[in-house]
Amino acid sequence: MTVKIEYRYVVLITAVLAQFSQIGSRLIISPLVPDIISTFEISKGSIGLVLTVMWATYAVMQFPSGLLGDRFGQRSVIIAAIGLSALGSFLLAMSPSFAIFGIFAVSLGAGTGLFYPVAASYLSKHFDNTGVALGALTAGGAAAGLIIPAVAAWVSSIYGWRIALALAGIIAVLVLFVIVVSLQSTTPIRPNQNFRKEINLSVITEFLSRSSIAFTTIIAILFGFVFQAFISFFPTFLIEFHSMTANSAAISFGVIFLLSTASQPVMGNLSDSYSRDLLLVVSAILSSIGFSILLTSNHQITLIVAIVLLGIGISWPGIVQARYFDIIPKSKQGTEFGLARSIYIFLGALGSVVTGWTADIFGWGIAYGLVVLLLILAICAIASNKIFKLQL
């Protein structure tokens, strides 16, 4: 007896696998940072700069992703994104010097940057409850954070960090096969659109001139900075600040993503039923408490509590993105959502270099203390919007 799966769920499952792959190809670098620093004899600020440039490139490609999806069809862009991320991962693993490593990191950022906007807009066409669908999609990335860093740390301890990095390329190739087999061809929404007309300063200015868009973008930048600080250096922070082993740090990192994987669809569903902003505030409060505990205590029980709070707290990505979909017209979702992600991820990417530089000069207490302050700022901004009825 053959069980036929409704096509929209095929789309969702395939998109989640692709998200797992493209997020994993970047997250896999985090637990390998100490080994990369040792191999190339560089500072945390230097690797932080490379990671910032990688994520900034990833951000820049968000806007073209939406445009290309509208012009050529979402399936074609999704295939190109995963194919390029596979190539970038293999090249990164073969880097002969840190300068070349940086160049290949940029190429990886460019490839993976093409994926999310087209995937999100494609899902929004098949699901009315965007909070649930996007929560599931971002949970695919959280699942990558659970599995890939722990596996990478183990593989690196036996075979070295280069073989560990190559795993991301192998996963991407397997996912690419699933995409080609599973997803139906898609019809371009605007096959004759003029890229030159779409990509100009006036378009960005008009987009950000909308008060609700500008406010959402500011909130997204704050959360993005925090997320970059977390995914780039959290295992290294645990190793240096709490004297954990590399494997223990990777496992702790993975546990946070496990909890985040479970939390994101739930939080997304709650944001559909109640309030996006309420759930964003809850996420920020839990995360700020988690980071604060890690900075002030070294007891095992409190560390476990902090990891649990961070796992549940870092569930804002899908909610922030659903907030955009609430205020962007459906006819422009692919293009404008891509533009929004380019802006807030590009600026949020500063979290890597600022955190690495601050840790080098002032230590981890100040570096992650800054993260807590930014979360508090986000809480205050969202609360002010509600208290003063600004309707942003």
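Residues numbered from 1 in each chain as written. Predicted model: local features only at pLDDT ≥ 70, side-chain atom pairs only at ≥ 80, totals over all residues. Heavy atoms only, no water.

Enquirer: Any chance you could explain empty space enclosed by the protein here in plain terms?
Expert: Empty space among the atoms becomes visible once a probe the size of a water molecule is rolled across them. On inspection of all chains with the given rule, the structure shows four cavities of 30 Å³ or more. When its volume is computed, the largest cavity comes out at roughly 380 Å³. If you go around the largest cavity, you meet 29 residues; those closest to its centre are Ile23, Phe227, Pro317, Gln321 and Arg341. The calculated volume of the second largest cavity comes to roughly 40 Å³. Arg26, Leu27, Ile29, Ser30, Leu51, Met54, Trp55, Ile231 and Ser232 are the residues that line the second largest cavity. Residue assignment for the lining of the second largest cavity shows that the elements contributing at least two residues are α1 (7-27), α3 (44-60) and α12 (211-241). It is α3 that contributes the most residues to the lining of the second largest cavity, three residues altogether. Residue composition of the lining of the second largest cavity, by class: six nonpolar, two polar and one charged. (1 Å grid on protein atoms, 1.4 Å probe; cavity = no way out; pocket = protein on both sides within 12 Å on 5 of 7 lines; lining within 4 Å. Points joined across faces, edges and corners; volume = space filled by probe spheres on them. Helix = DSSP H or I, 4+ residues; strand = E, 2+ residues; numbered from the N terminus. Nonpolar A, V, L, I, M, F, W, Y, C, P; charged D, E, K, R; others polar.)

Enquirer: I would appreciate a short explanation of the packing of aromatic side chains in the present structure.
Expert: One pair of aromatic rings is described through two measures. These are the centre distance and the angle between the planes. Going through the model one piece at a time under the given rule, you end up with 21 aromatic pairs. With a centroid separation of 5.1 Å and 20° between ring planes, the pair formed by Phe237 and Phe241 is classed as stacked. One end of the pair, Phe237, and the other, Phe241, are both in helix α12, four residues apart, so they sit about a helical turn from each other. With relative accessibility at 33%, the residue Phe241 sits in the partly exposed group. Feature note: the residues Phe230, Phe233, Phe234, Phe237, Phe241, Phe253, Phe257, Phe291, Trp364 and Tyr368 constitute an aromatic cluster, connected by ring pairs. Sitting over the face of the ring of Trp55, Arg26 holds its NZ or CZ atom 4.4 Å from the ring centroid. Over the aromatic face of Tyr58 sits the side chain of Arg26, whose NZ or CZ is 3.9 Å from the ring centroid. (Phe/Tyr/Trp six-rings, centres within 6.5 Å; stacked < 30°, edge-to-face > 60°. Buried < 20%, exposed > 50% of the residue type's maximum accessible area, 1.4 Å probe, protein only. Lys NZ or Arg CZ within 6 Å of the ring centre and 35° of its normal.)

Enquirer: Before we go on, may I ask you to explain the nonpolar core in this structure?
Expert: For soluble globular proteins, nonpolar side chains are generally found buried alongside one another. Core analysis: the largest hydrophobic core is formed by 122 residues, its most contacted members being Ile47, Phe101, Phe223, Phe234 and Phe291. For this core, the element with the highest residue contribution is α12, accounting for 16 residues. If sequence neighbours within four positions are ignored, Phe223 has contacts with Leu280, Ala284, Trp316, Val320, Leu375, Ala378 and Ile382. (Core = buried A, V, L, I, M, F, W, Y, C linked by side-chain atoms within 4.5 Å. Contact = heavy atoms within 4.5 Å.)

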